[in-house]
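Reading the structure
Residues per chain, in single letters:
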Amino acid sequence: MALSRIVLPATFLALVAVSTCTRAADGTPAVVREEVGTRISENIPAIPQTLLETLNRYQNTRGAGVAGWTPDGCLLISTRFAETSQAHRVCRPLGMREQLTFLPEPVAGIAPSPARAWREGFVYGKDRGGDEYTQLYWFDTQARSSTLLTDGGRTQNGGVVLSRDGGLMAWTSTARNGTDRDVWVRDTRTGQSRAVVTAGGSWGAMDFSPDGKRLLVSRYVSIAESYPGEVDLATDTLTLFPVDGGKAAFGGFAYAPDGASVYFVSDEPVKGKAQEFRTLRHHDPKSGRLTVLSAGIPWDVDGFELAPDGRHLAFVTNEDGISRLHVLTLPDHRAVALPDLPVGVFGSGVFSHDGQRIALSINSATSPSDAYVIDLAARTLTRWTQSEVGGLDTSTFVAPTLVRYPTFDTVNGKRRTIPAFYYRPADVPAGKKLPVVINIHGGPEAQSRPTFNPTAQYMANELGVAMLVPNVRGSSGYGKTYLSLDNAALRENSVKDIGALLDWIAQQPELDASRVGVFGGSYGGYMVLASLVHYPERIRAGIDVVGISHFGTFLKNTENYRRDLRRAEYGDERDPAMAAIFEKISPLNNAGRITSRLFVAQGKNDPRVPWTEAEQIVKAVRANGQPVWYLLYTDEGHGFRKKTNSDYFGAASILFWQQHLLDTAE
């Protein structure tokens, strides 16, 4: 080509699309490949300008997440104004947002200095291109500068906990051997660090005692199994706590203001009776008394927070996907009356330095996350941020309804039901049947909740597509029995739950069972591929994002520090019986049954689900003569965190649905 003889600046060349077309043996085009910067796409058509214009406003919504308070009463928040989420400060309700960090990679895990800290600032984490080798940095508020705290290499660091005076910092790191997550402690005044827990496995720091002499820690085995303990920091001696029943799940763990008793979240048996849900508890080791503080709430406690002045405790329950905030006085545990809160999903809240206010992020199906502040004495709720929604009319946003559909097995003689959130377009003409996209979460122990989803809003308002978001068996939030129903050899029972949802769709007069698509990321990506294997005649198309295509190769190639954690959920590939199951159920070995249209998207730096999982399923399905869209970013990991990359993927996804679900193309 003549263009190849033109010498252009390197900065220009980086932006030029380089297209190639490989041809099959008969000379027909097989794969059209395009490289633009860090994006590699195959068989993805050019995105029509009209689609980009209508999608643009939905892609320019943003949210704000609360990270904590500053000594002068300002809020630290995380939000995005350019390509990535950064740390900002807001000093009054609906006031100006002042950006503090300006980095090309997203900032995450912001841990502000405590109320009585000797210096002011915050610790944050940052990786490179989504590789999850997160390094920790200290941002000094006075100097407005960042200092690297960890080794800067291929180690994973996170889970920061600061002592009451800020003099000690504990965190989890794989620095010792690249596999085990050890607990490290740093003297923030001298900069000296040491590993205090090196017992092997995945350990995390939970809380420093008020005097800074002890540290609560916990070893995580799986979502259903953890082992808490305490480290004497004078001798680095680890003492494990007894676990009632021998095995249980634990959440937060923190010292009470007295420094002797503890608050924690667990599903341990109570008085010998098994518990389905994780409850908030208080244990006084001197008296031996155990008090279950959320005993009357038959749902999981997501988390809790203690006020710096020791006078209050806040905790949040997850009730069928909706968050409920509760505040108790200390030490008598009396409930505090709160103002009415919007229906949505939010965290446990962060107390101000004086303990009089609680800041929390509230997210709903029709509004992105924003920061709100509760004044406990005045019993008022004040909005502190109002994130942009791309100039859209929020009154047109669709709120989902919670439905429960019957699946294949029974509980106490009745058909088991599966919860799902149903986004239904408004003002549907009588007799019109709606195409449907089933959106399946990852984890697999995650839970889909009614949070703001701009894609669901676009699909409903602009395309007239319904979206169903199920929590199939194995999802958290519905008790530990439900959580365990897909473990190891039971894996495909969760796929049967999707088959049952297809049956339910066929029974709904407003839904078109002949136009159904599936979408999912990570484990949800596996569910997409498995659904296409089992129900190819009932599903038109699927989008697999960073999905598992073969459990054996996934476990072999995932990063060392994750392998044992995933074996606890999926099964151990070293066991011949389990390896045989993997061979039977993995989509890669059943690719010949995938006849629906497929779009696979992946980040090349993904440490969780390696990019080879995407490459091998794309190759296998194409070998059957099926055209596959494929998108790979060389500067992303387990999902797309940079706005430009995310926007392109979103537009390509909508085009894919238009062409293969709606039978339209511009």
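Everything below is about the structure printed above this text.
Read on for a plain summary of the structure. Computed from a prediction, not measured in an experiment: that's the story for all the values here. (Residues numbered from 1 in each chain as written. Predicted model: local features only at pLDDT ≥ 70, side-chain atom pairs only at ≥ 80, totals over all residues. Heavy atoms only, no water.)

1. Regarding the overall build of the protein chain
This is how the line gets drawn: By the criteria applied, helices consist of DSSP H or I runs no shorter than four residues and strands consist of E runs no shorter than two, each listed in order from the N terminus. Buried means the residue's accessible area, taken with a 1.4 Å probe over protein chains only, is under 20% of the maximum for its type, while exposed means over 50%, and partly exposed covers the values in between. Any two residues whose heavy atoms approach within 4.5 Å at even a single point are treated as in contact.
Of regular secondary structure, the protein chain possesses eleven helices and 39 strands. Residues classed as buried in the protein chain amount to 56% of the 666 residues present. Taking the contacts inside the protein chain whose residues are at least 6 apart along the sequence as the reference set, 53% of them involve residues at least 24 apart.

2. Considering helix H5 (residues 491-506)
Burial of H5 is extensive: twelve of the 16 residues sit out of reach of the surface. For H5, the complete set of buried residues consists of Arg491, Asn493, Ser494, Val495, Asp497, Ile498, Gly499, Ala500, Leu501, Leu502, Trp504 and Ile505.

3. Quick look at the state of the cysteines
So the rule is basically this: To count as a disulfide, a pair of cysteine sulfur atoms needs to be within 2.5 Å.
Taken as a whole and assessed by the stated rule, the structure comprises one disulfide. The disulfide partner of Cys74 is Cys91, and the gap between their sulfur atoms is 2.0 Å. Its torsion about the S-S bond being 100°, the disulfide of Cys74 and Cys91 is classed as right-handed. Of this pair, Cys74 sits in the loop between strand E4 (64-69) and strand E5 (75-80) while Cys91 is found in the loop between strand E6 (85-90) and strand E7 (97-99), placing the two residues 17 residues apart along the sequence. Its relative accessible area of 3% is what places Cys74 among the buried residues.

4. Looking at the packing of aromatic side chains
How we decide: Pairing of aromatic rings covers Phe, Tyr and the six-membered ring of Trp, with a centre-to-centre limit of 6.5 Å; geometry is then stacked below 30 degrees between planes, edge-to-face above 60, and tilted otherwise.
Counted by the stated rule, this structure contains 28 aromatic pairs. Ring geometry for Phe277 against Trp299: centres 5.9 Å apart, planes inclined by 55°, an arrangement best described as tilted. Of this pair, Phe277 sits in the loop between strand E21 (262-266) and strand E22 (279-284) while Trp299 sits in the loop between strand E23 (289-292) and strand E24 (300-306); the two residues are 22 residues apart in sequence, bridging distant segments of the chain. Comparing Phe277 with Trp299, the two get one shared label, buried. Look at Tyr523 and Tyr526: their rings are 5.5 Å apart centre to centre, the planes differ by 35°, and that puts the pair in the tilted class. Of this pair, Tyr523 and Tyr526 both sit in helix H6 (residues 523-534), three residues apart, which is roughly one turn of that helix. On the basis of relative accessibility, which here comes to 2%, the residue Tyr523 falls in the buried class. Take Tyr526: its relative accessible area is 0%, and that puts it in the buried class.

5. Thoughts on the sheet that holds strand E19 (residues 237-240)
Selection criterion: Here the rule is simple: two strands pair whenever DSSP picks up at least two bridges between them. To obtain an axis, a line is fitted to C-alpha atoms, over the contacting stretch when the element is a helix, and the angle between two such axes runs from 0 to 180 degrees between their N-to-C directions.
Reading across from one edge, E16-E17-E18-E19 is the order of the four strands in this open sheet, with antiparallel pairing throughout. Edge positions in the open sheet fall to strand E16 (202-208) and E19, since each of these has one partner strand only. The sheet shows a mean angle of 30° between the axes of neighbouring strands, taken without regard to direction. By the bridge criterion, four bridges tie strand E18 (residues 225-232) to E19 in an arrangement that is antiparallel. Bridged to Asp232 within E19 is Thr237.

6. Section: the packing of H5 against H6
Heads up, the rule is: Here the word oblique covers every angle except those under 35 degrees (roughly parallel), over 145 (roughly antiparallel) and from 65 to 115 (roughly perpendicular). Each crossing gets its hand from how the near helix is turned against the far one by less than a right angle, where anticlockwise is left-handed and clockwise is right-handed. As a working rule, the residues Ala, Val, Leu, Ile, Met, Phe, Trp, Tyr, Cys and Pro are called nonpolar, Asp, Glu, Lys and Arg charged, and the rest polar, with Gly in that last group.
Contact geometry of H5 with H6 gives a least axis separation of 10 Å together with a crossing angle of 70°. With respect to each other, H5 and H6 are oriented roughly perpendicular. Taken as a pair, H5 and H6 cross one another with a handedness that is right-handed. Contacts between H5 and H6 pair Arg491, Glu492, Ser494, Val495 and Ile498 from the former with Tyr523, Tyr526, Met527, Ala530, Ser531 and His534 from the latter. When the residues that make up the contact of H5 with H6 are grouped by side-chain class, the tally is six nonpolar, three polar and two charged.

7. So, the nonpolar core
Quick reminder of the rule: The nonpolar core is taken to be a set of buried Ala, Val, Leu, Ile, Met, Phe, Trp, Tyr and Cys residues, with the residues joined through side-chain atoms within 4.5 Å.
Ile438, Trp504, Ile505, Leu511 and Tyr526 are the most contacted members of the largest nonpolar core, which has 74 residues in total. Among the elements that take part in this core, H6 stands out by supplying eight residues, more than any other. Residues contacting Tyr526, with those up to four places away along its chain left out, are Arg491, Glu492, Val495, Gly547, Ile548, Phe551, Ile585 and Pro587. With 39 residues, the next largest nonpolar core counts Val465, Val469, Tyr648 and Leu655 among its residues.

8. Describing the side chain of Thr407
Put simply, the test is: Definition of a polar contact: a pair of N or O atoms within 3.5 Å, with one able to donate and the other able to accept a hydrogen when the atoms are protein atoms, and with sequence-neighbouring residues admitted only if both atoms are side-chain atoms.
Along the chain, Thr407 turns up in strand E32 (residues 401-411). Looking at Thr407, the relative accessible area reads 1%, which means it is buried. For Thr407, the side chain forms a polar contact with the side chain of Asp497, separated by 2.7 Å. Once residues lying within four places of it in the same chain are set aside, the contact partners of Thr407 are Arg415, Arg416, Ile418, Arg473, Lys496, Asp497 and Ala500.

9. Remarks on the side chain of Thr141
Inspection of the secondary structure puts Thr141 in the loop between strand E10 (135-140) and strand E11 (145-148). Each residue touching Thr141, except ones within four places of it in the same chain, is listed here: Arg89, Glu120 and Gly121.

10. Some thoughts on the pattern of salt bridges
Definition in use: Take a side-chain nitrogen of Lys or Arg and a carboxyl oxygen of Asp or Glu: if they are within 4 Å of each other, that pair is a salt bridge.
Inspection of every chain in the model, using the stated rule, returns 36 salt bridges. Between Asp409 and Arg416 there is a salt bridge, and its shortest N-O distance comes to 3.1 Å. Each member of the pair, Asp409 as well as Arg416, is classed as buried. Between Asp647 and Lys643 there is a salt bridge, with its nearest N and O atoms 2.5 Å apart. In this pair, Asp647 and Lys643 are both assigned in helix H11 (residues 643-660), four residues apart and thus about one turn of the helix distant. Of the residues examined, Asp647 reaches a relative accessible area of 19% and is grouped as buried. Among the ionic contacts, a cluster of salt bridges with common partners joins Asp564, Arg567, Asp572, Glu573 and Arg574.

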